[in-house]
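Summary of the model geometry
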Amino acid sequence: DTGVSQDPRHKITKRGQNVTFRCDPISEHNRLYWYRQTLGQGPEFLTYFQNEAQLEKSRLLSDRFSAERPKGSFSTLEIQRTEQGDSAMYLCASSLSRAGELFFGEGSRLTVL
Amino acid sequence: DAKTTQPNSMESNEEEPVHLPCNHSTISGTDYIHWYRQLPSQGPEYVIHGLTSNVNNRMASLAIAEDRKSSTLILHRATLRDAAVYYCILRDEYSNTGKLIFGQGTTLQVKP
């Protein structure tokens, strides 16, 4: 399967711990997006990369959140000092062009106890 | 970002057509109308998109009103696998990022 892959699929952590999610986009896609989705809501945009450059960050992305995309391939999303309100599904998507469709991964579900 | 309005939920019987409405009265001339759907426990997936003319693909049809202030996603024969949340999204053709802004969508239930 050559779709967008995310790891881990599920993560349970205690409040205050750091967590990191990884996203591997479709190989030729230079655009990468992170979204967060809570129960019953649509996905909320967090941040956007074009190649290795992070070009847009949502106000939702607090100081505890950091995303990287070294070398313009895979991306990581780190949450420091997790809070219960961070519990959500974190979705990654990639696309080939500005007007192209977004291909989403299956997401990484975070539960903060 | 221009907003869309969709019913929270709809029901359909299996093998019958389904018409999912979307209102977007503040649409601008450069906004494309996109539809994505999200099956349970999966990420969203692309369904169809259009600008002015009606569009057909293997998954669905998109009917766009002449004034572009509303559109309808048509599933010609609903199956149980079509049960999902359907999102109607406006995307600016000239957006630098190409990001999608999701609303709450319409949850479609398909009855056998």
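Preceding block: the structure.
Below or above, wherever it landed, is the structure these notes cover. Quantities reported herein were computed from a predicted structural model and do not represent experimental measurements. (Residues numbered from 1 in each chain as written. Chains lettered and ligands numbered in written order. Predicted model: local features only at pLDDT ≥ 70, side-chain atom pairs only at ≥ 80, totals over all residues. Heavy atoms only, no water.)

So, the overall build of chain B
In terms of regular secondary structure, chain B is built from zero helices and nine strands. Reading the helices (α) and strands (β) of chain B from amino to carboxyl end gives β-β-β-β-β-β-β-β-β. Principal axes of the C-alpha set define a box for chain B whose edges measure 40 × 30 × 25 Å. Out of the 112 residues belonging to chain B, those deemed buried represent 46%. Across chain B, contacts joining residues at least 24 apart in sequence account for 56% of those joining residues at least 6 apart. (Helix = DSSP H or I, 4+ residues; strand = E, 2+ residues; numbered from the N terminus. Buried < 20%, exposed > 50% of the residue type's maximum accessible area, 1.4 Å probe, protein only. Contact = heavy atoms within 4.5 Å.)

Regarding the interface of chain B and chain A
Taken together, the contact between chain B and chain A spans 21 residues of the former and 23 residues of the latter. Between chain B and chain A, roughly 1600 Å² of surface is buried when both sides are summed, and carbon and sulfur atoms account for 48% of that area. Across the chain B-chain A interface, the total number found is one salt bridge. Of the charged contacts, one joins glutamate 56 of chain A and lysine 99 of chain B as a salt bridge, the two residues approaching to 2.3 Å between their closest N and O atoms. Mapped onto the side of chain B that touches chain A, the elements with two or more residues apiece are strand 3 (31-38) and strand 8 (84-92) of chain B. Here the side of chain B that touches chain A is composed, by residue class, of eight nonpolar, 10 polar and three charged. (Buried area = accessible area lost by both parts, 1.4 Å probe. Salt bridge = Lys/Arg side-chain N within 4 Å of Asp/Glu carboxyl O. Nonpolar A, V, L, I, M, F, W, Y, C, P; charged D, E, K, R; others polar.)

Some points on the sheet that holds strand 8 (residues 75-79) of chain A
Residue and element names in this part refer to chain A. Spatially, the four strands line up as an open sheet ordered 1-3-8-7, and their pairing is antiparallel. The open sheet has two edge strands with one neighbour each: strand 1 (5-7) and strand 7 (65-68). Each neighbouring strand pair of the sheet contributes to a mean axis angle of 15°, computed without reference to strand direction. Across five bridges, the pairing between strand 3 (residues 19-24) and strand 8 is antiparallel. (Pairing = 2+ DSSP bridges. Axes fitted to C-alpha atoms, helices over the stretch in contact; angles between N-to-C directions.)

So, the nonpolar core
Leu20, Ile33, Trp35, Leu73, Leu75, Tyr86 and Leu108 of chain B are the most contacted members of the largest nonpolar core, which has 21 residues in total. Among the elements of the structure, strand 2 (18-23), strand 3, strand 4 (45-50), strand 6 (61-64), strand 7 (70-75), strand 8 and strand 9 (106-111) of chain B are those that each provide at least two residues to this core. Per-element tally for this core: the top contributor is strand 8 of chain B, with four residues. With sequence-adjacent residues up to four places away left out, leucine 75 of chain B is seen in contact with Glu16, Pro17, Val18, Met59, Ala60, Asp82, Tyr86 and Leu108 of chain B. In terms of nonpolar packing, the next biggest core, distinct from the first, is built from 19 residues, Val4, Val19, Ile26 and Ala88 of chain A among them. (Core = buried A, V, L, I, M, F, W, Y, C linked by side-chain atoms within 4.5 Å.)

Notes on the state of the cysteines
Residue and element names in this part refer to chain A. Under the defined criterion, the tally for this structure stands at two disulfides over all chains. Here cysteine 23 is linked by a disulfide to cysteine 92, with a sulfur-sulfur distance of 1.8 Å. Residues cysteine 23 and cysteine 92 are joined by a disulfide whose S-S torsion is about -70°; by sign, that bridge is left-handed. With a gap of 69 residues between them, cysteine 23 in strand 3 and cysteine 92 in strand 9 (residues 88-95) connect regions that are remote in the sequence. Cysteine 92 carries the same exposure label as cysteine 23, and that label is buried. (Disulfide = S-S within 2.5 Å.)

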